[in-house]
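Structure at a glance
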Amino acid sequence: MSPLKPQRTPRRLWWAVAAATAGTLLLGAGAYALTRSSSGLEASPSTSAAASDPAISPLSPPSPSISASPSLTGAPSRSPSKSSAAKPVGPPVAAAAGKSWRLAFSEEFTGSDYDHGKLSPCFDWNTGDCTSTFNNGREHYQPSQVTVSNGTAKLTAAPLSPAFADDACQSGKCTYKAGLLSTARPSAQNGAKYLYAFTYGYVEARIKFPATQGFFTAFWMLPAKTDYQYQTELDILELLGDDPSTMYMTYHYAGRDTSYTPNSGKHNNGACAVKDYSKNFVRMGVDWQPDHIAWYIDGKKCGQFTNKAQIAKEPMQLILHMMVDNDWQRRWNVGLKDPTLTRRLEVDYIRVFQQV
């Protein structure tokens with residue numbers, strides 16, 4: 001990690017959901033209700049007390065491996081079957097006429113660590129102490145909370161003591177440490193480039209998430225913009241841990257004030273099945289092209305956005321992580337019940353295919 005600067009002014013994003021009535025979502029706000037009306041994520045200034053107080057340690061010592069811990073999740077995960085020499089399976093949709101799919105980005109987690117040249121354990125506004133929650137949750141992201149073993153990455157959320165001071169978190173204190181992976185710049189203060197940003201392609205991750213109330217899985221994309229002025233946002237998956245059957249998929253556009261989603265209310269995944277997806281690994285994908293954005297669960301197309309004029313045309317970055325007890329969950333009264341729980345998000349791979 002880079003040393004802490006005396007002061008920092010990171011920004012944070014606010015997530016929550018509009019109340020569902022009669023089984024439908026208010027699509028004007030998409031999957032969110034925000035601190036300002038009808039927008040997706042909002043970036044706003046935040047100041048961390050830890051940045052100016054040397055007595056507050058930014059990171060706890062690395063935690064030991066938790067792969068054998070019985071406290072993580074109820075049923076043991078099924079280890080993915082893959083070989084480092086195996087060729088990744090292509091997208092579940094045919095390429096356009098005269099074109100073919102090419103694997104443009106891949107992290108397979110086959111070694112003992114992830115490729116730090118491809119992925120960062122922090123988000124884009126890291127200035128030395130990594131980053132904290134996006135939506136007034138409990139978690140502060142720490143590199144020690146991302147481990148790799150047996151062919152998967154483990155992003156672990158666990159209680160943090162002493163709490164990390166940051167006004168992005170509930171009541172100014174982050175009481176959880178958590179893992180995150182992104183293709184953002186490793187540091188926002190040294191002119192570093194994005195580890196990976198792309199325009200158009202099919203994105204897929206194979207993941208296993210915990211079905212525990214208060215934990216929140218997010219796999220999403222934002223423009224690679226150093227001024228944090230995001231006009232669009234593409235949510236491949238947002239999953240509230242109390243309901244492992246509703247896989248929220250949303251595209252926010254027009255300044256993120258307007259949204260489209262295949263989900264028609266809770267317990268609805270568009271054309272895709274409604275079932276408990278936490279039992280096994282699940283493939284979450286999105287096909288982002290100049291004329292459409294389509295979401296896929298385990299290779300099945302769930303829904304599609306086709307307003308070509310509103311589709312993002314600029315490079316975007318990838319973010320995958322788990323939040324704890326955020327605004328959306330508390331608004332729906334499905335927040336964290338037991339603040340002593342440890343849970344993890346397991347990732348088999350992250351891939352991006354593009355047409356050539």
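Residues numbered from 1 in each chain as written. Predicted model: local features only at pLDDT ≥ 70, side-chain atom pairs only at ≥ 80, totals over all residues. Heavy atoms only, no water.

1. Describing the nonpolar core
Grouped together as the largest cluster of nonpolar side chains are 73 residues, with contacts concentrated most on Ile-207, Met-221 and Leu-234. Here Ile-207 is in contact with Thr-217, Leu-237, Asn-280, Phe-281, Val-282, Met-284, Leu-320, Leu-345, Glu-346 and Val-347, once residues within four sequence places are set aside. Residues Tyr-202, Ala-294, Tyr-296 and Phe-353 belong to the second largest nonpolar core, which totals five residues. (Core = buried A, V, L, I, M, F, W, Y, C linked by side-chain atoms within 4.5 Å. Buried < 20%, exposed > 50% of the residue type's maximum accessible area, 1.4 Å probe, protein only. Contact = heavy atoms within 4.5 Å.)

2. What to know about the state of the cysteines
Throughout the structure, instances matching the rule amount to three disulfides. The partner cysteine of Cys-169 in its disulfide is Cys-174, sulfur to sulfur 2.0 Å. Taking the torsion about the S-S bond as the criterion, the Cys-169 to Cys-174 disulfide, at about 90 degrees, is right-handed. Under the relative-accessibility criterion, Cys-169 is labelled buried at 1%. A relative accessible area of 0% places Cys-174 in the buried class. (Disulfide = S-S within 2.5 Å.)

3. What about the pairing of strand 11 (residues 233-240)?
For strand 11, a buried count of eight out of eight residues is recorded, marking the element as mostly surrounded by other parts of the structure. Relative to strand 11, strand 10 (residues 215-223) is paired through six bridges, and the arrangement is antiparallel. Counted as the bridge partner of Met-221 is Leu-234 from strand 11. Across four bridges, the pairing between strand 11 and strand 12 (residues 248-253) is antiparallel. (Helix = DSSP H or I, 4+ residues; strand = E, 2+ residues; numbered from the N terminus. Pairing = 2+ DSSP bridges.)

4. Some points on the confidence of the model for the protein chain
Of the residues in the protein chain, 76% have a pLDDT of 70 or more, and the chain-wide mean is 82. When the criterion is pLDDT under 50, residues 1-78 qualifies, and its contacts beyond four places in sequence or with other chains add up to 215 contacts. (pLDDT = per-residue confidence, 0-100.)

5. Thoughts on the packing of aromatic side chains
As enumerated under the stated definition, the model contains 22 aromatic pairs in all. With 6.3 Å between their ring centres and 50 degrees between their planes, Phe-134 and Tyr-141 make a pair best called tilted. The burial state of Phe-134 is the same as that of Tyr-141; both residues are buried. Between Phe-134 and Trp-220, the aromatic rings sit 5.3 Å apart at their centres with planes inclined by 85 degrees, giving edge-to-face as the arrangement. You can see Phe-134 sitting in the loop between strand 3 (101-107) and strand 4 (139-141) and its partner Trp-220 sitting in strand 10, a full 86 residues away along the chain. When its relative accessible area of 1% is taken as the criterion, Phe-134 is described as buried. The class for Trp-220 is buried, based on a relative accessible area of 0%. (Phe/Tyr/Trp six-rings, centres within 6.5 Å; stacked < 30°, edge-to-face > 60°.)

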